[in-house]
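# Residue-level structural notes
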Amino acid sequence: MRYEGQIYRPPSEAYSYILQVTVGCSHNACTFCNMYADKQFHIRKLSEILEDLQMARRAYRYVERIFLADGDALIVRTETLLEILRTIRRLFPECARITSYASARDLLLKTPGELALLQKNGLDMVYLGLESGSERILKAINKGVTVEETVQACAKAKDAGIRLSITQITGLAGQDGMEENASESAKALSRINPEYIGIMTLTLRRGTPMTKDFEEGRFKRLTPKQIVEEMRMLVAGMDSEGSVLRSNHISNYVQLCGTMNRDKSIMLEQLDLALASGRLENEYISYLENL
Ligand code: SF4
């Protein structure tokens, strides 16, 4: 178990063994993100990855979940991924779930047959950042893919039986794009209809182009109250039957957890209660902003 640089994983992978398959993110250019800014993207040698798995087997008696890091492990050639997945199955027969981050581009580059093979060999779910459902906002943040490409990529993963966990970022378009971010994201998430939806709040991170825009007055970030108002518009506009919706990331002001559409009215009530509480007025997430 050897790691290069800072390792990130979704909140729901807190107890997973993390296997670094790639280092960094192949795109590494979204204006709000500095997660992998210090890493030169590369794919790790297969021999090192397989050695890490042997080391993990010796160190851990029971591994229920494995997460393939870093930013977009699915960029790796299918044959190599299959060898990793088959080794996991052989060494960790108790492992019930293998997941990874994926970009829309990675998914679009694989054939339906390749995705089905990956699923058959244990790739259960991918985490994909939609960020926003607005084409204009995705262009502004330099996401590198369109909403249409993301919707197509998600449909392809679903057809292969790979479950989806999709994240959306509230506050991403600042005060001028609040309604657009909420309503367009609600539409895109409803079209994708993933198993899981994760709502995060924009955090201004050190050294990013978005933070520079904020410091120089070009980006007006939302107040905590506006963040919750945007979340409310997003949840109200969504029609995604069966999707489990969570806002359990450290960046969120209100923690929601429910199943759409069944729990939609309860989640809206929770957001209304938070808005009426008067406690959001001055609660900027300052402790995260030095990251
Ligand atoms: S948000 Fe995702 S795709 Fe964009 S630079 Fe960060 S890790 Fe890469």
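If you're wondering where the values come from, they're calculated on a predicted model, not measured in any experiment. (Residues numbered from 1 in each chain as written. Predicted model: local features only at pLDDT ≥ 70, side-chain atom pairs only at ≥ 80, totals over all residues. Heavy atoms only, no water.)

Another aspect to go through is the nonpolar core. Counting residues in hydrophobic clusters, the biggest one holds 79 residues, and the most contacted among them are Leu19, Leu53, Ile66, Ile88, Phe92 and Leu245. Setting aside anything within four residues of it in sequence, one finds Ile66 in contact with Ser16, Tyr17, Leu19, Ile88, Phe92, Cys95, Arg97, Ile98 and Thr99. Of all hydrophobic cores here, the second largest spans seven residues; its members include Ile18, Ala69, Tyr101 and Tyr127. (Core = buried A, V, L, I, M, F, W, Y, C linked by side-chain atoms within 4.5 Å. Buried < 20%, exposed > 50% of the residue type's maximum accessible area, 1.4 Å probe, protein only. Contact = heavy atoms within 4.5 Å.)

Turning next to the pattern of salt bridges. This structure, assessed with the given rule, holds 21 salt bridges. Across the pair Arg136 and Glu180 runs a salt bridge whose closest N-O atoms are separated by 3.0 Å. Here Arg136 is found in helix 5 (residues 135-140), whereas its partner Glu180 is found in helix 7 (residues 178-192), with 44 residues between them in sequence. On the accessibility criterion, Glu180 (25% relative accessible area) is partly exposed. Between Arg191 and Glu148 there is a salt bridge; the shortest N-O distance is 2.8 Å. (Salt bridge = Lys/Arg side-chain N within 4 Å of Asp/Glu carboxyl O. Helix = DSSP H or I, 4+ residues; strand = E, 2+ residues; numbered from the N terminus.)

This part is about the sheet that holds strand 1 (residues 17-20). Strand order in the open sheet made by the eight strands is 1-4-5-6-7-8-9-10, with mixed pairing throughout. Pairing within the sheet leaves two strands with one partner each, and these edge strands are strand 1 and strand 10 (257-259). Ignoring which end each strand starts from, the neighbouring axes of this sheet average 20° apart. Note that strand 7 (residues 163-170) and strand 8 (residues 196-201) share six bridges and pair parallel. Paired with Ile166 across the strands is Ile197, a residue of strand 8. (Pairing = 2+ DSSP bridges. Axes fitted to C-alpha atoms, helices over the stretch in contact; angles between N-to-C directions.)

Further remarks concern the site of the ligand. In the region of the ligand, the neighbouring residues are Cys25, Asn28, Ala29, Cys30, Phe32, Cys33, Tyr36, Glu131 and Lys143. Taken together, the residues of the shell around the ligand break down into six nonpolar, one polar and two charged. (Near = heavy atom within 4 Å. Nonpolar A, V, L, I, M, F, W, Y, C, P; charged D, E, K, R; others polar.)

Evaluated as defined, the whole model comprises five aromatic pairs. Ring plane angle 50° and centroid distance 6.1 Å describe the contact between Tyr17 and Tyr60, whose orientation is recorded as tilted. Residue Tyr17 is found in strand 1, and its partner Tyr60 is found in the loop between helix 1 (46-59) and strand 4 (65-69); the two are separated by 43 residues along the sequence. Judged by centre distance (6.0 Å) and plane angle (70°), the ring pair of Phe67 and Tyr127 falls under edge-to-face. Of this pair, Phe67 sits in strand 4 while Tyr127 is found in strand 6 (residues 123-131), placing the two residues 60 residues apart along the sequence. You'll find Phe67 and Tyr127 in the same group, each marked buried. Members of the aromatic cluster, joined through ring pairs, are Phe67, Tyr101 and Tyr127. (Phe/Tyr/Trp six-rings, centres within 6.5 Å; stacked < 30°, edge-to-face > 60°.)

Read these as spatial facts, not as claims about activity.
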